[in-house]
Every structure is written in C-alpha cells, then in structure tokens.
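Observations on chain architecture
The primary structure of each chain is shown beneath.
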Amino acid sequence: MRAHALTIRMTDRVNFPYLVFLLSGGHCLLALVRGVEDFSIIGESIDDAPGEAFDKIARRLKLKNLAECSGMSGGESLQHVASQGDPLSFIDRFPSIMGKYRDCNFSFSGIKTTAVRLIAKEEEKHGIVGDGILPNVADVAAAFQLGLTRHLVRRLLRCMIFIEQKELLKAGEMTLVLSGGVACNSFIRQVIGQVCESNGYTLKVPSPKLCTDNGIMIAWNGVEYLKAGMGVAPDPGSVDIEPKCSIGESIIDQVIDMNIKVPRFKIDLAKIS
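Cut-offs used in this document
Residues numbered from 1 in each chain as written. Predicted model: local features only at pLDDT ≥ 70, side-chain atom pairs only at ≥ 80, totals over all residues. Heavy atoms only, no water. Buried < 20%, exposed > 50% of the residue type's maximum accessible area, 1.4 Å probe, protein only. Helix = DSSP H or I, 4+ residues; strand = E, 2+ residues; numbered from the N terminus. Arc of directions from axis to C-beta. Contact = heavy atoms within 4.5 Å. Pairing = 2+ DSSP bridges. Axes fitted to C-alpha atoms, helices over the stretch in contact; angles between N-to-C directions. Expected span 1.5 Å × (residues − 1). Right-handed = clockwise from strand over helix to strand, strands pointing away. Salt bridge = Lys/Arg side-chain N within 4 Å of Asp/Glu carboxyl O. Parallel < 35°, antiparallel > 145°, perpendicular 65-115°, else oblique. Left-handed = near helix turned anticlockwise from the far one by under 90°. Phe/Tyr/Trp six-rings, centres within 6.5 Å; stacked < 30°, edge-to-face > 60°.

Things to note about helix α3 (residues 74-82)
Buried within α3 are the following residues: G75, S77, L78, V81 and A82. Axial view of α3: buried residues confined to an arc of 165°, hence all on one face. Buried positions along α3 lie against α2 (50-60) and α5 (137-166).

Side note on the pairing of strand β1 (residues 18-23)
Counting buried positions along β1 yields six of six residues, so the element is predominantly enclosed. In β1, alternate side chains face the same way, and those of Y18, V20 and L22 on one face and L19, F21 and L23 on the other are all buried. Of the strand pairs in this sheet, β1 and strand β2 (residues 28-35) are connected by six bridges, and their pairing is antiparallel. Looking across to β2, one finds that L23 is bridged to C28. Here β1 hands over to β2 after four residues, the two strands then running antiparallel side by side. In terms of strand pairing, β1 meets strand β4 (residues 174-179) through four bridges, oriented parallel. Across the sheet, the residue bridging to V20 is V177, located in β4.

Some details on the sheet that holds strand β5 (residues 201-204)
To summarise the sheet geometry, strands pair through backbone hydrogen bonds and adopt either a parallel or an antiparallel arrangement. The strand order β5-β4-β1-β2-β3-β6 describes an open sheet built from six strands, whose pairing is mixed. Two strands in the sheet have a free side with no partner beyond their single neighbour: β5 and β6 (249-250). Taken strand by strand, helix α6 (residues 186-198) contacts β1, β4 and β5, and its axis lies near 160° from that of β5.

Examining helix α4 (residues 109-126)
Between the first and last C-alpha of α4 there are 26 Å, a value that for 18 residues agrees with the 26 Å anticipated at 1.5 Å per step. For α4, the complete set of buried residues consists of I111, K112, A115, L118, I119, E122 and E123. Considered in projection along α4, the buried side chains sweep an arc of 135° and stay on one side of the axis. Residues of α4 that are exposed and point more than 90 degrees away from the buried face comprise R117, K121, E124 and K125. The elements touched by buried residues of α4 are α2 and α5.

Digging into the pairing of β5
Direction of pairing for β4 relative to β5: parallel, over a ladder of four bridges. Looking at β5, one finds that M174 is bridged to Y201. With α6 bridging β4 and its parallel neighbour β5, the resulting β-α-β unit is right-handed.

Quick notes on the pattern of salt bridges
One pass over the structure, following the stated rule, counts eight salt bridges. Connected through shared salt-bridge partners, D48, E52 and K112 make up one network.

Some remarks on the packing of α3 against α5
At a minimum axis separation of 7 Å, α3 and α5 run at an interaxial angle of 110°. In this view, α3 runs roughly perpendicular relative to α5, as classed from their interaxial angle. In this structure, α3 crosses over α5, and the sense of that crossing is left-handed. For the pair α3 and α5, the contacting residues are L78, Q79, V81 and A82 in the first and V137, A138, A141, A142, F144 and Q145 in the second.

Brief notes about the packing of aromatic side chains
Within the structure shown, the criterion is met by five aromatic pairs. On the basis of an interplanar angle of 10° and a centroid distance of 5.8 Å, the ring pair of F16 and Y18 is categorised as stacked. On the numbers, 6.2 Å between centres and 65° between planes, the contact of F94 with F144 is edge-to-face. On the criterion of sequence distance, the pair formed by F94 in the loop between α3 and α4 and F144 in helix α5 is long-range, its members being 50 residues apart. By the burial criterion, F94 is buried, and F144 matches it. A connected cluster of aromatic rings, assembled from ring pairs, spans F21, F106 and F108.

See the structure below:
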C-alpha cells in the first residue's frame, strides 16, 4: 500500500505531505502521507474493496459474453459498458451508503448485494436465462458505477473537511494522489477531479501501468527508502519477515470525534467524457 502511495513521485514532483486515495481490488484507503514511512490512516474499508465489487458485478452481468469486452478485466469491461448507459436510470435503487456514520470508512458489501438483486429482478422481468445478457445491461452497469462513486465522493469530502479543520495540509498546496487499479477507471477519475477542483486540491494520478504494475511500484518504494537512508539492513539475515504490515497509525477516531456533516455534492455528469 505504501508503494501505491509513493509511485506518483517517480513521474511527478509531489512533495510531502499529501493525501492519497488508494482504490484497488484489495484495498480502499484514505491516508495522509507525511514521509516515506510516515502515514496516517484517515479512512479504510470495513469489508470489501471497490475493485473486487466491480469484478463481481461484471461477472454477474456476464459481460465476458459480449464480444466488445473480449480480453478486458471485469472492472474495465464494466466501465466500458457503463459508458454507453444512463447512470440515472436505476440510481434510486442505490441509496446512500453508511450515511449515518460520520467517519471516512468505506463499505462495498451492501452495494454489491443491491446490484445482484437488481440484476436478478431485471433478468426475471426480461426473461433472461443462462448466458443471456440484459437488454438494458449498460444502464444497470452505469447506475452501479455511479452509486459506488457517490460513496467514494462522500467519504472523500468528509476527509477533506477534516484535513482543513485540523490544518493538516497548507491551503494552496493541497494534493490528492489517486492510486491503485481502480484509479484507471475514467469515470471515477473524472468525478474525483471535480471534487478536487471544488475543494482546492491538485489531483495527481499515476499512469495506468504504474497503477497496476506491482513490480515497478515495489522497486520505486525501495528507491524512496534508499534516497531517505531508511530501511537498509547491514545484515539481511537479521531482518524479521512480517506476514502483514500496517501502512501507518490510524486517526480514524479523530474523524469520528469531530462529527463532520458532509454538504451535498452534485456530480456534473454532463462533463464526464
């Protein structure tokens, strides 16, 4: 996760501190990055990850059976099909997620269940069986994508308010790094761009290759440590191996204690290309 957060510094001049929004198949995380080893977790997923949700719904929609989606990953095929649909057609089926919880954490299990039920209902309505594809598959995909994105936006907005009130980033020097495989999703990237523009942030996104190539990311993470004179073991044999390592300290309780109400943010769908 640290490698995801630092990769942007390989191609862009991004100085510490900055906010990172990691969206991938295994993680969803908001963290303040103060240095190579100095991370504060502001929000994280309490169950699944956005990339996993995209993949599951793509499978349930049977998008692999569409010739135009041949060779695409689940998330890529869902974004492709969603771009042809009306995101507002079923959006009333995807209500606000965790609206009563005034933190920056995420949950994706509920929206997956909602989508699966909607698909089953639409298949029954249209008499779809076996490998058949819904005639309105693009609308369902677009509504799911918008519903999930709205969840990301609300948690991000609360995070930005928290950072402003705590003065964790300097006004005029605020940068959001959007990283991870889901950062390749053009719809999400453009919506996050609207949020940044409205809140005085500069959005930085690594190239798609750097968002998905773990080898490059880990190698650059090593370069960052080497440049900082950190993490170099004189005796490699003395290094302990940990199966799981936290990215940093959690300040999630501080967010909860501030009880921040998030103002409504209107996504300008007309500007999404």
